[in-house]
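Read off the chains here:
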Amino acid sequence: MSVLEINELSIRYGDTAVVSGLSLAVDRNESVGLVGESGCGKTQTALATLGLLSPKAQISGSIRIDDAEVVGAGDKALRALRALRVGIVFQDPMQALNPYLPVGKQLRRVLIAHGIAKGHEADQRVMHMLDRVGLPDPGRQFRAYAHQLSGGMRQRVMIAAALIAEPDILIADEPTTALDVTVQAQILDLLERIREETGLLLITHDLAIVAGHCERVLVMDEGKLVEEGKTRQIFSAPTSDKTRAMIDAAPRFDSAASLEPTSGETMLAAAGVGVSYQERATSRPLHAVRELDFQLHEGETLSIVGESGSGKSSLMRGILGLIPMHTGTVTFCGKPLGGAVQTRAVETRRDLQLVFQDPVGSLNPQMRVEKIVAEPLTLHAPNLDATARKERATEILERVGLHVDLLSRFPHELSGGQAQRVAIARALIVNPKVLVCDEAVAALDGNVRRQILELLRKEQRETGLAIIFISHDLAVVRSISHRVLVLYLGRLAELADGEVLFTNPRHPYTRALLDAVPVPDPLSPGGRLSLQGEVPSALNPPDGCAFHPRCAHAHERCRKEVPRVRITEGAAVSCHRAEELQL
């Protein structure tokens, strides 16, 4: 019997149809994937299922949860359905959780509001649920606020909140977007176990997740259902052009990259770099990056990977002068590079450009695209007049694959892919020598992501651009990287050529990251969970090797002595047992 049944659902905002004639069903104990690109109507469908659409939405059709109709139901009936009959896990737990209440109190409110439990019994139920979703030390997490938890912990709290009232079906809307690959594997493993007790509708644009965790797949495009079927059938013999395009665009972690070798001059060299922060409460130093060495060459892409808290962004912000470096030296084109960004020579600032993870957040909301893209020219090419700047802006927009009609738009009028291209155009318009991309494709759909990556590769081939690519998506990293630097708690774990690292990792942490990567193939989905626990706090790092509390290969020496960087089988590795382990 279907626990969720949607028939001929249509949603409109004025003259714009966002969902048209959608029908689907999810049975109890079944996992169904709803996939499609941004804007296809996935999230609108999820919100409609809980009666959470905007008052401006015009909705028709039927949504039934067991025998209860959602469309047209009043507030009292909807409140009875939410949490009790259907739970939802939102994409961004930081926005969904109340920042003013400890997470335990937020879950307790659900139980009290629905008359399920109160007092001590409610607290015990919350503690049991926090333990069930895999949170360490549930008593401590009960008292914690959302901002005190890691991204993976917050997502587990969201899942606990959705399950606390034991609903018949769970809707997970992009539950792993922007999470580290290890945390993603943990969350998906948790959802897999939950699915044995409830129906699951998994909404995502990541086909690799669907391949390993859903029995059926529904594909949406422009508000309509274009294909549905068993997961293996959809992946082996898709019938719609949209499905085929999505499968083709999905990066394959299990496929070797075809990259031209590089032999250019050294653009950037870091030696002994360290970045620290001062904790306000105790005034203790937090060492985000420790004694790090690396080089970046002309025409090369160096990817930097590691879980949240590993120091990836802190390293790049220190090198770019956005935050101070406390130890070490950096040279750029053979010359010392130091000090805050505003104290550096104009030419140096021009040659080092950064593309942020959130393009819309990094674009001035009060400026049109033309001024956003052309603005760097007012500083770096002051001899150009307004007409010349517009011509350069038009030229660079066309180079990144955008139509000149976008020149007059504001950032909020752009799609995610368009906004990211504008951010890249703004960085490239001054012809930099080094481009730093900080999670620049993290939340983009497959086709848009592929276009952005091809754009970067094309620019690199034509101009010799050197790229530092920070990402948690190892499938994307493999497709674009000449070399890969793996960080763990601010230290180098491994540095090697891309194919060497992906085919013969020498550090147990690297091996665990690779094991956790899902593959868009139901016959070999990957995503094996081999790494447990959270990254330790940089305020209280473990003695010896920082990775030893989570390492299955740790010996007594690992617990006492920090490993030095050694070269083994073509890789720079910080592991006492690098030569002997067969990973």
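Here's a quick rundown of the structure. (Residues numbered from 1 in each chain as written. Predicted model: local features only at pLDDT ≥ 70, side-chain atom pairs only at ≥ 80, totals over all residues. Heavy atoms only, no water.)

## Thoughts on the sheet that holds strand 18 (residues 466–470)
If you trace the 8 strands from one edge of the open sheet to the other, you get 16-17-18-13-19-20-22-21, paired in mixed fashion. Either end of the sheet is taken by a strand with one partner, and the two such strands are strand 16 (352–355) and strand 21 (566–568). This sheet shows a mean twist of 20° between the axes of neighbouring strands, independent of strand direction. Across 5 bridges, strand 17 (residues 434–438) lies against strand 18 in parallel orientation. Bridge pairing in strand 18 places Cys437 opposite Phe469. Across the face of the sheet, helix 12 (residues 312–319) comes into contact with strand 13 (301–305), strand 17, strand 18 and strand 19 (483–488) while running at roughly 130° to strand 13. Lying over the sheet, helix 18 (residues 446–463) contacts strand 13, strand 17 and strand 18, oriented at roughly 155° with respect to strand 18. (Pairing = 2+ DSSP bridges. Helix = DSSP H or I, 4+ residues; strand = E, 2+ residues; numbered from the N terminus. Axes fitted to C-alpha atoms, helices over the stretch in contact; angles between N-to-C directions. Contact = heavy atoms within 4.5 Å.)

## Description of the nonpolar core
Of all hydrophobic cores here, the largest spans 49 residues; its most connected members are Ile159, Leu170 and Leu191. At 7 residues, helix 7 (residues 151–163) tops the list of elements feeding residues into this core. Residues within four places of Leu191 in sequence aside, it is in contact with Ile159, Leu170, Ala172, Pro175, Leu200 and Leu202. Grouped together as the second largest cluster of nonpolar side chains are 42 residues, Leu397, Ala423, Ala427 and Leu453 included. (Core = buried A, V, L, I, M, F, W, Y, C linked by side-chain atoms within 4.5 Å. Buried < 20%, exposed > 50% of the residue type's maximum accessible area, 1.4 Å probe, protein only.)

## Overview of empty space enclosed by the protein
This model, assessed by the stated rule, comprises 6 cavities of 30 Å³ or more. In this structure, the largest cavity encloses a volume near 390 Å³. Among the secondary structure elements, those contributing two or more residues to the lining of the largest cavity are helix 8 (181–194), helix 9 (207–213), helix 18 and helix 19 (474–480). Across the lining of the largest cavity, the residue classes break down as 15 nonpolar, 9 polar and 6 charged. Roughly 70 Å³ of volume is contained in the second largest cavity. Forming the walls of the second largest cavity are 14 residues, and the residues nearest its centre are Pro508, Cys545, Cys551, Cys558 and Cys575. (1 Å grid on protein atoms, 1.4 Å probe; cavity = no way out; pocket = protein on both sides within 12 Å on 5 of 7 lines; lining within 4 Å. Points joined across faces, edges and corners; volume = space filled by probe spheres on them. Nonpolar A, V, L, I, M, F, W, Y, C, P; charged D, E, K, R; others polar.)

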